[in-house]
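Results of the structural survey
In case you want the letters, here they are:
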Amino acid sequence: MARNKMSVLIYTLIGLAVIGIVSQLFTNTANFFTSIFITLGIGIAIFAVFYFVFLRKKTPSNDMKKYKKAVKQSKAKYKQPKATHQTATANRQQQTQIKRKVNKRAPHLRVIDGNKHKKKDRASF
């Protein structure tokens, strides 16, 4: 019951607000738009202050600095050369170089020896 009374009260207030806005729009148009623009300006100013003071971090975190540095190093390491006019022999040489690079192991990866000689007994699970 209390919910129904509250919703009726809220709908009544919204209806009166709409009637007031429409009547001010037709009777006092210039002051209506002036008050709307002032309200929007104050709202934008409050949001800007709130954003610049609380939401935007002035210095990035240490982890973000490390991440950006790693991305920069990775881009420098794996940068693709730009395509230019090349003769057929230069193109073949480049293809052989690419094949050699593909076969080369990555230096940051290593094999960890495990218990490969032991055979798993799947029946004991």
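In what follows, the accompanying structure is described. (Residues numbered from 1 in each chain as written. Predicted model: local features only at pLDDT ≥ 70, side-chain atom pairs only at ≥ 80, totals over all residues. Heavy atoms only, no water.)

**A closer look at the overall build of the protein chain**
When you go through the protein chain residue by residue, the secondary structure sums to four helices and zero strands. Counting from the amino terminus, the protein chain carries its helices and strands in the arrangement α-α-α-α. Residues counted as buried form 1% of the 125 residues belonging to the protein chain. (Helix = DSSP H or I, 4+ residues; strand = E, 2+ residues; numbered from the N terminus. Buried < 20%, exposed > 50% of the residue type's maximum accessible area, 1.4 Å probe, protein only.)

**Observations concerning the packing of aromatic side chains**
Enumeration according to the criterion identifies four aromatic pairs in this entry. Aromatic side chains F32 and F33 sit 5.5 Å apart centroid to centroid with 65 degrees between the ring planes, which places their arrangement in the edge-to-face category. By relative accessible area, which is 12% here, F32 ends up buried. Given a relative accessible area of 38%, F33 falls into the partly exposed group. Between F47 and Y51, the ring centres sit 6.3 Å apart and the planes meet at 25 degrees, which makes this aromatic pair stacked. Residue F47 and its partner Y51 are located together in helix α2 (residues 29-55), separated by four residues, close to a single helical turn. Put simply, the rings of F47, Y51 and F52 pair up and form one aromatic cluster. (Phe/Tyr/Trp six-rings, centres within 6.5 Å; stacked < 30°, edge-to-face > 60°.)

**A closer look at a nonpolar patch on the surface**
Residues M6, L9, I10, Y11, L13, I14, L16, V18, I19, V22 and F26 make up a contiguous nonpolar surface patch of roughly 1,200 Å² in combined accessible area. Take Y11: it is sitting in helix α1 (residues 2-27). (Patch = residues over 30% accessible without salt bridge, like charges linked within 9 Å, V, L, I, M, F, W, Y side chains within 5 Å. Areas by Shrake-Rupley, 256 points an atom, 1.4 Å probe, with all protein chains shown as cover. Salt bridge = Lys/Arg side-chain N within 4 Å of Asp/Glu carboxyl O.)

**Quick word on the packing of α1 against α2**
Two numbers describe how α1 lies on α2: the axes approach to 5 Å, and their chain directions differ by 125 degrees. On the basis of their axis angle, the class for α1 and α2 is oblique. From α1, I21, Q24, L25, F26 and T27 reach across to α2, where they touch T29, F32 and F33. A class-by-class count of the residues in the contact of α1 with α2 yields five nonpolar, three polar and no charged. (Axes fitted to C-alpha atoms, helices over the stretch in contact; angles between N-to-C directions. Parallel < 35°, antiparallel > 145°, perpendicular 65-115°, else oblique. Contact = heavy atoms within 4.5 Å. Nonpolar A, V, L, I, M, F, W, Y, C, P; charged D, E, K, R; others polar.)

**Examining helix α3 (residues 62-77)**
Here α3 contains 16 residues, and its C-alpha end-to-end distance of 23 Å stays within 8% of the 22 Å for a straight helix at 1.5 Å per residue. Judged by how many residues are buried, α3 sits mostly at the surface: zero of 16 residues are covered. (Expected span 1.5 Å × (residues − 1).)

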